[in-house]
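Here are the chains, one letter per residue:
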Amino acid sequence: MASNKQSKNRKDKAYYRQLRKIIILILIFVFLLINFGAFTFAWFSSNKNALIDTIDINVQTVSGIQISHDAIEWDNEITLEELHNAVATYRSATNQFPLTLAGVSTDGSASNGRMNMYYGLVNEEKHDVFSLYAVKEDEINCVGDEECNGHHYVAFDIFLLVTTPADIGITASSGVRVRDGETDKGSQNAARVGFVVVGSTSMDANAATAQALSGGTQTYIWEPNYDMHTDYGVAAARAFYGINTTNSGAQRLPYKGINRAFDEHVLLTETNNSPYFTTVNPAVATTKEFSSPQSLMHIPAGITKVRVYLWLEGQDVDLENAAANSKLKFDLELSMLN
């Protein structure tokens, strides 16, 4: 009888040890699933709360280009204050400067001098299954989050003056970086800068003529920091796009931008196969530490009006929750290369 009890006790202990191991494995799996699902996809899972705030912007020119915020005052630099207050001398200015950015997307197309931008909204269909729908955003003239309520990217006009036809490039002083003293959360890796050539006029045209230029559809997109990814971005690329990449020294990852608004919920894992998305081919893509000027666009002699866009690309693998509440600095230095 005692031998039977001992045998039963050994079996019970073995059973409970095995059960304990299974429970521990289940708990580990659940923990990993929760953490993986929380951070490993493009677009913030909670667009209302996950925002990028405090943007520094610096725009300069070198090598024979003059620049202006209103086609009246010309220099080699535009201050953020001038862009904020451009409407005082450029009545039709529509310069949009929210203090916070959220995920938007574009395929790079433009209509009547405006790039087509779409704000993506993410829904959780069920645990760890997320879908996206998009609404079109049209910019307004505003400064600050209260005035710019409901607008999630920066847009402003600049005027370039050259005496001969010019190849315009981005110098190595340009970049999207984390502000000094702030924590690097990787949001700069999802940043984009876009340019729409609105139109050109002669050198002796008056400011009103230059300001009234409209209708341009030629666009150029600059993708900075393409060789850098966060751990979460690396995981997102693998999980949702089937792409293996690395934290640094990475090859540029292809992506598809939104081409029109849609209210049909598209699973985040299916955006590459959806008709609402088009492959984006940036005119310029640079590494974090690029050293030589990059050719961007060609403009004729005279005054050219260019609309500039700064945004966080929702389709970039690095735009996820861990990147929220970053503080970024956009530096843009344009040079005449010819």
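Thresholds applied
- Residues numbered from 1 in each chain as written.
- Predicted model: local features only at pLDDT ≥ 70, side-chain atom pairs only at ≥ 80, totals over all residues.
- Heavy atoms only, no water.
- 1 Å grid on protein atoms, 1.4 Å probe; cavity = no way out; pocket = protein on both sides within 12 Å on 5 of 7 lines; lining within 4 Å.
- Points joined across faces, edges and corners; volume = space filled by probe spheres on them.
- Helix = DSSP H or I, 4+ residues; strand = E, 2+ residues; numbered from the N terminus.
- Nonpolar A, V, L, I, M, F, W, Y, C, P; charged D, E, K, R; others polar.
- Pairing = 2+ DSSP bridges.
- Buried < 20%, exposed > 50% of the residue type's maximum accessible area, 1.4 Å probe, protein only.
- Phe/Tyr/Trp six-rings, centres within 6.5 Å; stacked < 30°, edge-to-face > 60°.
- Contact = heavy atoms within 4.5 Å.
- Disulfide = S-S within 2.5 Å.
- Polar contact = N/O pair within 3.5 Å; in protein donor to acceptor, adjacent residues only side chain to side chain.
- Core = buried A, V, L, I, M, F, W, Y, C linked by side-chain atoms within 4.5 Å.

Chemist: Describe in detail empty space enclosed by the protein, supporting the description with residues and values.
Modeler: Scanning the entire structure with this criterion turns up one cavity of 30 Å³ or more. When its volume is computed, the largest cavity comes out at roughly 70 Å³. Broken down by secondary-structure element, the contributors of at least two residues to the lining of the largest cavity are strand S2 (55-62), strand S15 (175-178), strand S23 (302-313) and strand S24 (328-336). A breakdown of the residues in the lining of the largest cavity according to their chemical character gives 10 nonpolar, one polar and one charged.

Chemist: Could you give an account of the pairing of strand S11 (residues 129-137), with specific residues and numbers?
Modeler: Note: strand S10 (residues 117-126) against S11, nine bridges, orientation antiparallel. Pairing of asparagine 123 across the sheet is with serine 131, part of S11. In textbook terms, the turn of a hairpin is the stretch between consecutive antiparallel strands, and for S10 and S11 this stretch comprises two residues, one of which, aspartate 128, has a positive phi near 65 degrees. One ladder, built from three bridges, connects S11 with strand S19 (residues 262-267); its direction is antiparallel. Within S19, the residue paired with serine 131 across the bridge is leucine 267.

Chemist: Lay out unusual backbone geometry with the relevant residues and their values.
Modeler: In the Ramachandran plot, asparagine 112 falls in the positive-phi region, its phi being about 50 degrees despite a non-glycine side chain. In this fold, asparagine 112 is placed in the loop between strand S8 (110-111) and strand S9 (114-115). With relative accessibility at 54%, the residue asparagine 112 sits in the exposed group. Its identity as a non-glycine residue notwithstanding, asparagine 225 has a phi of 60 degrees, on the positive side. Among the secondary structure elements, asparagine 225 is positioned in the loop between strand S17 (218-223) and helix H4 (231-241). Note on asparagine 225: relative accessible area 5%, which makes it buried.

Chemist: Residue-level account of H4, with values.
Modeler: Residue pairs three or four apart in sequence face the same way in an α-helix, which turns once every 3.6 residues. Restricting attention to buried positions, one finds in H4 the residues Gly233, Val234, Ala235, Ala236, Ala237, Phe240 and Tyr241. Backbone geometry just after H4 places glycine 242 at a positive phi near 65 degrees.

Chemist: Quick rundown of the packing of aromatic side chains? Include the residues and the values.
Modeler: Where two aromatic rings form a pair, the distance of their centres and the angle of their planes describe that pair. Tallied over the full model, the rule gives five aromatic pairs. Judged by centre distance (5.6 Å) and plane angle (15 degrees), the ring pair of phenylalanine 97 and phenylalanine 156 falls under stacked. Placement of phenylalanine 97 in strand S5 (residues 96-97) and of phenylalanine 156 in strand S13 (residues 154-162) is noted, with a sequence separation of 59 residues between them.

Chemist: Help me get a handle on the side chain of glutamine 211, residues and values and all.
Modeler: With respect to the helices and strands, glutamine 211 occurs in helix H3 (residues 207-211). Aside from chain neighbours lying at most four places away, what touches glutamine 211 is Asp70, Ile72, Thr89, Tyr90, Arg91, Ser92, Phe159 and Lys305.

Chemist: Before we move on, can you summarise the layout of surface pockets with the specific residues and values?
Modeler: In this structure, the largest pocket spans a volume of roughly 250 Å³. Lining the largest pocket are 20 residues, and of these Asp184, Gln188, Asn189, Asn225 and Lys288 lie nearest its centre. Residue composition of the lining of the largest pocket, grouped by class: five nonpolar, 10 polar and five charged.

Chemist: Quick rundown of the state of the cysteines? Include the residues and the values.
Modeler: Scanning the entire structure with this criterion turns up one disulfide. Shown here is the disulfide that connects cysteine 142 with cysteine 148, its sulfur atoms set 2.0 Å apart. Because the torsion about its S-S bond is 115 degrees, the bridge between cysteine 142 and cysteine 148 counts as right-handed. By relative accessible area, which is 2% here, cysteine 148 ends up buried.

Chemist: Can you break down the side chain of histidine 69 residue by residue, with the values?
Modeler: Checked against the element boundaries, histidine 69 lands in the loop between strand S3 (66-68) and strand S4 (77-78). Assessed through its relative accessible area of 7%, histidine 69 is described here as buried. Of note is the side chain of histidine 69, whose polar atom sits 3.4 Å from the side chain of aspartate 70. Apart from residues no more than four positions distant in its own chain, histidine 69 is found in contact with Ile78, Glu82, Leu83, Ala86, Thr89, Tyr90, Asp157 and Phe159.

Chemist: Residues and numbers for the nonpolar core, please.
Modeler: Judged by nonpolar contacts, the single largest core of 39 residues is most densely connected at Phe156, Ile158, Phe195, Met297, Val308 and Phe330. Those elements giving two or more residues to this core turn out to be S2, S13, strand S14 (166-170), strand S16 (191-201), S17, strand S22 (294-299), S23 and S24. Setting aside residues up to four positions removed in sequence, phenylalanine 156 forms contacts with Val59, Leu83, Asn95, Phe97, Val306, Arg307, Val308 and Leu310. Tyr118, Val122, Tyr241 and Phe277 belong to the second-largest nonpolar core, a separate cluster that totals 17 residues.

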